[in-house]
Structures are given as structure tokens and as C-alpha cells.
Amino acid sequence: MFTQQRIYSGNQIVTISSTHNSASAIHRESTSSTKNIKFNNIHKKFFLRLSSPKNPRSPAHCVAPMAANKCSLAAADAPSITHVVFDMDGLLLDTEKLYGEVQENILARYNKTFEWSLKAKMMGMKAIEAARLFVEETGLNGLLSPEEFLVEREDMLRTMFPACELMPGASRLIQHLHANGIPICVATSSHTRHFQLKTQKHGELFSLMHHIVRGDDPEVKQGKPSPDVFLVAAKRFEGGPVDPKKILVFEDAPAGVLAAKNAGMSAIMVPDPRLDSSYHETADQVISSLLDFNPSEWGLPPFDKPAS
């Protein structure tokens, strides 16, 4: 089976092509060097990637125009998946719009606007990392510190999070995988306090997860696009660590998709339709909604009936 994998090497993103027979060797090489990566360089390179012009689509990636709603994988291209990891914000829970609303309100006081290009960079990051980026790119240095931004944002968000709703298809997919014995978990950048607020209405559904890794977990040293949160998630499955090649990650954020690929995992992206399509290329598959996911394409048990 032909595959491609992006890893960091020094200050460059390197794409490695491999056959099925050599994939495991490549994975061992990439994961063993992860400990030596300077992640401030990773973040710098990631932001440069997000700002770069659109690149031609790679034939090794299955990326569909959003108007087409979904993209099908050829059976020969899909790895054998045994475990599934979900991001949370913007993927399972409709919280990204709340972050956007609050950040727009904060910037309005300074006669500034919140651009989607900045939101794309902030999505999936740890709170303090996103705050530093927000203050720097909006020109608020000297007017508002990252810590002050977080305090102000927190005051508004804590009253909004408990009312957040599930994203379309989230409940159906989680319940289907759990009912069919597929181990599932959540790997989120949200810290524990926010996680508890966001999931107040959805405790029963989240109880189906084998485990949940949050952004303030002591083993998660670096935020996305570092692979930390996904490698910790793989380690905590029963019998772990699970081979990353057998894990499928669902993400909505560019940083999250890149984190999954840096962990050696397959990644399905479910992006906000306003996100520029140039950010799709790192994902193995892009769908417009969890309702469009076809488990059979990844060797997972099929749905009993189509999504309504």
C-alpha cells in the first residue's frame, strides 16, 4: 500500500512516501526523533504553512470540494483502523462560534476585527498559546497581555459553554462505534474546567469514551500541532500504546490535523465551511459533516441505516 506521511525534520516539513512494507520503519524513525524537536520551531513553521499560497492537491490525499459534501477513499488506500480518537471543540461540540463571538467583542473595543485567517491558526491550540498569537497578530501588544485576554475571555465563556450543542452526526457516530466495540476517546486542547462546562448537557454521551485527554494533562507538554495529545491518547487505550497506524483521528482544525499526522495517525478533517480549502491538504480525507462519514471505507463496522 502506498502512503505519504509529513513529519518535521529540523526546520522543514518532510513528506515521506513509502510502501506498506517500509511504513513501520518510517514510523519508528519519526516517533523516536520527536523528543528532540524544538516545538517553538514547529509552531513557527506551521504558521508559515497556513500563510502560504495554495498548493496543488497531492494524489495520495483524498480531498473533496466542500460542495461535493464528502470524499470517498479507495479501499486499497485505507489503513486497517482499530481505534478512533475525536477532537472536541468544533468537531463534537459547537463551541468554536462561541470563541469567535467573544474574541470579536474584545477586539471591537480597540476598533479591530477578528479575521478568519487568525481563527484558523488559533483553532486547536492550548489556551495560552492561542492567546499569545491573538495578542501578537491583532496588534494588541502593550494594550492587552495574553493573560489579561484569557481572564476577560473566561468571564464571558463560562456563562456560554453550558448551553453548547452537539455537532451534526456526533451522537450517531459515537454511539455506533461504541455499540460495535470500537475503542474511542477524546483528545482535546480544552482544559478540565472548560471541558466540564462544555459537557454539562452531554455527560451520557461522553461517558462512552474509553478515556479523555485534556489540554492541561501533565503528560501533554506541547499543544497542537505537536503530536503530544494524540500520543498520550494512544498510550491510554487498553493494552496501549496502540500502533498509531491503526488509529483514526477526527479533527476540524488545521493544527489538529497536523498534530495527528505528526503522531503517525490517519486524519479525517471536518472543517468549518469558511476555512480556506488550502488548509485541507494535510488530511487523509475531508468531509463536510460527521453525517457524511462512511465507516466501511476505513474497515470499521458500517451503519445499519443511512443518516437521516
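Residues numbered from 1 in each chain as written. Predicted model: local features only at pLDDT ≥ 70, side-chain atom pairs only at ≥ 80, totals over all residues. Heavy atoms only, no water.

Caption draft 1: Representation of the overall build of the chain. Along its length, the chain carries eleven helices and eight strands. Expressed as a percentage of the 308 residues in the chain, the buried residues total 53%. Sequence-distant contacts in the chain: of pairs separated by 6 or more residues, those separated by 24 or more amount to 68%. (Helix = DSSP H or I, 4+ residues; strand = E, 2+ residues; numbered from the N terminus. Buried < 20%, exposed > 50% of the residue type's maximum accessible area, 1.4 Å probe, protein only. Contact = heavy atoms within 4.5 Å.)

Caption draft 2: Broad picture of the sheet that holds strand E8 (residues 285–286). On the basis of which strands lie adjacent, the open sheet formed by six strands has the order E5-E4-E3-E6-E7-E8 and parallel pairing. Only two strands of the sheet have a single partner each, and these edge strands are strand E5 (211–213) and E8. When strand E3 (residues 83–86) meets strand E6 (residues 247–251), the two strands line up parallel, connected through four bridges. For Val 84, the partnering residue across the bridge sits in E6 and is Leu 248. Contacts between helix H10 (residues 228–236) and the sheet are confined to E3, strand E4 (184–187), E5 and E6, with E5 contributing the most and set at about 160° to the helix. (Pairing = 2+ DSSP bridges. Axes fitted to C-alpha atoms, helices over the stretch in contact; angles between N-to-C directions.)

Caption draft 3: How the structure looks around the packing of helix H5 (residues 127–137) against helix H6 (residues 146–160). Two elements in contact, H5 and H6, have axes separated by 8 Å at closest approach and are oriented at 110°. Classed by the angle they form, the pair H5 and H6 counts as roughly perpendicular. Helix-helix and strand crossings are classified by hand; for H5 and H6 the assignment is right-handed. Here H5 contributes Ala 127, Ile 128, Ala 131, Arg 132, Phe 134 and Val 135 to the contact with H6, which in turn contributes Pro 146, Glu 147, Phe 149, Leu 150 and Arg 153. Its residues assigned to classes, the contact of H5 with H6 shows eight nonpolar, no polar and three charged. (Parallel < 35°, antiparallel > 145°, perpendicular 65-115°, else oblique. Left-handed = near helix turned anticlockwise from the far one by under 90°. Nonpolar A, V, L, I, M, F, W, Y, C, P; charged D, E, K, R; others polar.)

Caption draft 4: Representation of the packing of aromatic side chains. Counting across every chain of the model gives six aromatic pairs. Note on Phe 86 and Phe 250: the rings are 5.3 Å apart at their centroids and 20° apart in plane angle, and the pair reads as stacked. Here Phe 250 lies in strand E6 and Phe 86 lies in strand E3, a separation of 164 residues in the sequence. Phe 250 matches Phe 86 in its accessibility class, with the two residues each being buried. Within the aromatic cluster, the residues linked to one another by ring pairs are Phe 86, Phe 250 and Phe 293. Sitting over the face of the ring of Phe 161, Lys 198 holds its NZ or CZ atom 4.7 Å from the ring centroid. Note that Arg 214 overlies the ring of Phe 195, its terminal NZ or CZ placed 4.5 Å from the centroid. (Phe/Tyr/Trp six-rings, centres within 6.5 Å; stacked < 30°, edge-to-face > 60°. Lys NZ or Arg CZ within 6 Å of the ring centre and 35° of its normal.)

Caption draft 5: Representation of the side chain of Lys 198 within the structure. Relative to the helices and strands, Lys 198 is located in helix H8 (residues 192–198). Here Tyr 99 takes part through its side chain, which lies 2.7 Å from a polar atom of the side chain of Lys 198. (Polar contact = N/O pair within 3.5 Å; in protein donor to acceptor, adjacent residues only side chain to side chain.)

Caption draft 6: Structural detail: the nonpolar core. In terms of nonpolar packing, the biggest core is built from 51 residues, with Val 84, Phe 86, Leu 92 and Phe 250 touching the most fellow members. Filtering out sequence-adjacent residues up to four positions away, Leu 92 remains in contact with Phe 86, Asp 87, Glu 165, Leu 166, Met 167, Ala 170, Ile 174, Val 186, Phe 206, Met 209 and Leu 290. Membership of the second largest hydrophobic core comes to 26 residues, among which are Val 213, Ala 259, Ala 267 and Tyr 279. (Core = buried A, V, L, I, M, F, W, Y, C linked by side-chain atoms within 4.5 Å.)

Caption draft 7: Structural detail: the pairing of E3. Covered by surrounding structure in E3 are His 83 and Val 85 together with Val 84 and Phe 86, the residues of both alternating faces. Of the strand pairs in this sheet, E3 and E4 are connected by three bridges, and their pairing is parallel. Pairing of Val 84 across the sheet is with Ile 184, part of E4.

Caption draft 8: Structural detail: helix H11 (residues 254–262). Counting buried positions along H11 yields nine of nine residues, so the element is predominantly enclosed. Turning to H11, its buried residues number three or more, namely Pro 254, Ala 255, Gly 256, Val 257, Leu 258, Ala 259, Ala 260, Lys 261 and Asn 262. In the segment just after H11, Gly 264 is the residue with positive phi, at about 85°.

Caption draft 9: Structural context of the side chain of His 191. Along the chain, His 191 falls in the loop between E4 and H8. Accessibility expressed as a relative area gives 18% for His 191, which makes it buried. In this structure His 191 touches Glu 154, Arg 214, Gly 215 and Asp 216, once residues within four positions along its chain are discounted.

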